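Tertiary structure, described
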Amino acid sequence: MRWQRGSTVLLIIISLGAVVLLVVSSGAAILDQPSDSLNDEVALQPGDNPYAYLNENGELAVDITENNPNLDNEGVNPDAFAAQETLFYITYDGNASAEAWIDHEGTGVTFVVDGEPIETESNAVRLTSENDAVPVGVEVDTRVAEVAPGDQLIDEISVHARPSDSEAVGDVGNDGNSDDDDDPGTVTTVESPDSTARNVEILSLAAEVETEVNLRQLHVGDPAVRLTNLTFVSTDSGDVEFEVRGTTDPPPETSAMPLGVDTLGYYTVEFTTPDQPISEATTELVVDRDYLAETDVDPEQLAVYRETEAGWKQPKTTVVSANDETVRLRVVSTGFSAFAVAAERPALVPVEATLSANQVAAGETLTVTVNLDNNGRAPANEVEVQIVTADEGELVSDEVATVNAEVGETTTESIVVRLNSPGEYNLVLTGPALEPGPGDSGMGTDQIIAQSITVTEQPDGETGTEAGGASSVNTPNDGSADTGVSGETEVRDDREEAVTERSGIDLTELGGIALLIGIVLTTLFLFRRAPR
């Protein structure tokens, strides 16, 4: 059985210059007050605010316009966000349980319960005899829509309700199961203590039948990663209880994630009675595109890992749908335990480093050659690495090196290093895709790759010498990275003295050289004037 209410008018008009302060409702619903009935058990009741009321036809109306006599403003400002936590109530007067949700074709308007949207069937809110008056709020965000003064954001909504046990076992849409498979005795109850936990109780579970549970957008770490549905097949029948929980931190007593796996969040499925005979388990997740952009993750990098006795392993994970707003994943495993939603990235591990010299003068360059293994789960494409000093973290590599390596591939990079101040240095390779090496290998992210580099004072009167075949440069010995020099006369004198020493000609012989040049020029002159 499925109930459905037609349309309930909700007017929201945009006006410039308006100042809207959405009033917070102060009172709860009273079930015996007048309401707009959807059926014998589910009804709509205005909240304690000036926006919602029952019109002359006894239908719920919500009016946030200049036409509402209860308001002192003219609507919601363009380029603004406004929220009302309790706009109206969905009330329930039944003995079992029901579910309700809202759909509409409005722009910039979202209906929420406890801050979570209830605008799709999968996000329906649960109604029980204990939870018999659910406050429905509204969020109006005109910043995401191209609106102008006088625009109408929404003119009607449809509120849907149905008995919750119609979804218990073999509900339509459960991977092809037909209504003939339904067990009318199965009852599923889902409690939501908070946004990261769901307590599930299933009575009269049928064996060898696919059972689906709506988890209503359970947060997996970040609110942008949500668990929507859980489906499983049990080889036993009876009553079961379990808890589904999402966390940011890894669950207790789980092993370390493999290299190149950057976790976005975790979720666990834990039955009250352990060792449940589950033959197949499926979960579906939704990840917001905006969150992927913020964390620099491509949808192709998304993966899910499951904790097993042998560590974290990948169950079958597929992208079942994707649009401009979200990416939906389906995870199929042989049972439930702890799961990690992650992004697969490259993991560069330095395995060997060599130097062109162990000792240089201040300001001179040396070359560090590093072998890197990509032990991650994704190729390295133009990944940047640089070298800094171990103690101060001072950048000493002349240029950024970019690494390209397939998974499992080793690549070699040569990086030119310049140290401007005398002393003993240890060098560190750093970069976003580097991972720590095992044990005390001294390799990995912010780990030493070269030890005991000795930088000496430059000899008096010299600005550079050759070090291990590396080209020398003129640089002040003041610890700065400036490679320029001051004092043009001093540089010119140094160069003249160097030329004189290499030629071996004494300054007193310059007069003889001038006489020789004069004789040669005279000869050429006479030759050019000689008659033919």
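Reading the values: the criteria
Residues numbered from 1 in each chain as written. Predicted model: local features only at pLDDT ≥ 70, side-chain atom pairs only at ≥ 80, totals over all residues. Heavy atoms only, no water. Helix = DSSP H or I, 4+ residues; strand = E, 2+ residues; numbered from the N terminus. Buried < 20%, exposed > 50% of the residue type's maximum accessible area, 1.4 Å probe, protein only. Contact = heavy atoms within 4.5 Å. 1 Å grid on protein atoms, 1.4 Å probe; cavity = no way out; pocket = protein on both sides within 12 Å on 5 of 7 lines; lining within 4 Å. Points joined across faces, edges and corners; volume = space filled by probe spheres on them. Nonpolar A, V, L, I, M, F, W, Y, C, P; charged D, E, K, R; others polar. Core = buried A, V, L, I, M, F, W, Y, C linked by side-chain atoms within 4.5 Å. Pairing = 2+ DSSP bridges. Axes fitted to C-alpha atoms, helices over the stretch in contact; angles between N-to-C directions. Lys, Arg positive; Asp, Glu negative; His and termini not counted. Salt bridge = Lys/Arg side-chain N within 4 Å of Asp/Glu carboxyl O. pLDDT = per-residue confidence, 0-100. Phe/Tyr/Trp six-rings, centres within 6.5 Å; stacked < 30°, edge-to-face > 60°.

This part is about the overall build of the protein. Scanning the protein from N- to C-terminus turns up three helices and 33 strands. Out of the 532 residues in the protein, the part that is buried amounts to 44%. Within the protein, residue pairs in contact and separated by at least 24 positions form 68% of the contacts whose partners lie at least 6 positions apart.

Here we come to the layout of surface pockets. Size it by volume and the largest pocket reaches roughly 1,300 Å³. Lining the largest pocket are 31 residues, with Thr-110, Pro-117, Arg-226, Asp-288 and Glu-325 positioned closest to its centre. Residue assignment for the lining of the largest pocket shows that the elements contributing at least two residues are strand E9 (109–113), strand E10 (116–117), strand E12 (133–141), strand E16 (210–220), strand E17 (222–234), strand E20 (278–288), helix H1 (289–294) and strand E24 (326–333). Take the lining of the largest pocket: its biggest share by element is three residues, from E12. Residue composition of the lining of the largest pocket, grouped by class: seven nonpolar, twelve polar and twelve charged. Put simply, the second largest pocket is a space of about 660 Å³. Together, 27 residues line the second largest pocket, and Arg-126, Asn-131, Val-190, Ser-192 and Arg-216 are the ones closest to its centre. Within the residue set of the lining of the second largest pocket, elements represented by two or more residues are E10, strand E11 (125–128), E12, strand E14 (187–194), strand E15 (197–205) and E16. Ranked by the residues each element gives to the lining of the second largest pocket, the list is headed by E14, at six residues.

Right, let's talk about the nonpolar core for a bit. Proteins that are soluble and globular tend to have nonpolar side chains buried together. Among the nonpolar cores identified, the biggest contains 36 residues, and Leu-230, Phe-242 and Tyr-267 are the most heavily contacted of them. It is E17 that provides the largest number of residues to this core, a total of five residues. If near-sequence neighbours (up to four positions away) are discounted, Leu-230 is found in contact with Thr-211, Glu-212, Val-213, Leu-215, Phe-242, Val-244, Val-269, Thr-282, Thr-283 and Phe-336. Membership of the second largest hydrophobic core comes to 30 residues, among which are Leu-44, Ala-52, Leu-87 and Val-159.

One non-glycine residue, Glu-208, lies in positive phi territory at about 60 degrees. For Glu-208, the location among the structural elements is in the loop between E15 and E16. Positive phi is not limited to glycine here, since Gln-217 has a value of about 60 degrees. Within the element layout of this structure, Gln-217 appears in strand E16. Taking relative accessible area as the criterion, Gln-217 reaches 9% and is therefore assigned buried.

Pairing in this open sheet of three strands is antiparallel, and the strands run E26-E28-E31 from one edge to the other. Lying at the two open borders of the sheet, with one neighbouring strand each, are strand E26 (348–355) and strand E31 (410–418). The sheet shows a mean angle of 30 degrees between the axes of neighbouring strands, direction not considered.

Here we take up the environment of Asp-63. Turning to its location among the elements, Asp-63 is positioned in strand E6 (residues 60–64). Residue class for Asp-63 comes out buried when judged on its relative accessible area of 7%. Considered as a pair, Asp-63 and Ala-52 are eleven residues apart in the sequence and their alpha carbons are 6.5 Å apart.

Moving on to the side chain of Glu-116. Inspection of the secondary structure assignment puts Glu-116 in strand E10. The side chain of Glu-116 sits in the buried core without any salt bridge; Arg-226 is the nearest counter-charge, 5.7 Å away. When residues no more than four places from it in sequence are discounted, the contact partners of Glu-116 are Phe-111, Gln-217 and His-219.

Moving on, we get to the confidence of the model for the protein. Averaged over the protein, the pLDDT score is 74; the fraction of residues at 70 or greater is 69%. Across residues 1–27, where pLDDT falls below 50, the model places 119 contacts with residues more than four positions away in sequence or in other chains. Note on residues 513–532: pLDDT is under 50 here. Beyond four places in sequence and across chains, it has one contact.

This part is about the packing of aromatic side chains. In this structure the tally under the stated criterion is eight aromatic pairs. Ring centres of Phe-88 and Phe-111 lie 6.4 Å apart, and the angle between their planes is 55 degrees; this geometry places the pair in the tilted category. In this pair, Phe-88 is assigned in strand E7 (residues 81–92) and Phe-111 in strand E9, connecting sequence segments 23 residues apart. The exposure class of Phe-111 is buried, given its relative accessible area of 0%. What links up through ring pairs into an aromatic cluster is the set Phe-232, Phe-242, Phe-271 and Phe-336.

Here six bridges tie E14 to E15, and the two strands are oriented antiparallel to one another. Across the sheet, residue Val-187 finds its bridge partner in E15, namely Leu-203.

On to the pattern of salt bridges, then. Inspection of the entire model under this criterion finds eight salt bridges. Where Arg-226 meets Asp-288, a salt bridge forms, and the shortest distance between an N and an O atom there is 3.0 Å. Taken together, the residues Arg-226 in strand E17 and Asp-288 in strand E20 connect sequence positions 62 residues apart. Among the residues examined, Arg-226 registers a relative accessible area of 12% and is labelled buried. A salt bridge links Glu-284 to Arg-330, with the shortest nitrogen-to-oxygen separation between them at 2.7 Å. With Glu-284 in strand E20 and Arg-330 in strand E24, the pair connects residues that are 46 residues apart, well separated along the chain. Given a relative accessible area of 14%, Glu-284 falls into the buried group. Of the residues examined, Arg-330 reaches a relative accessible area of 27% and is grouped as partly exposed. Look at the salt bridges and you will find they share partners, linking Glu-99, Arg-126 and Arg-216 into a network.

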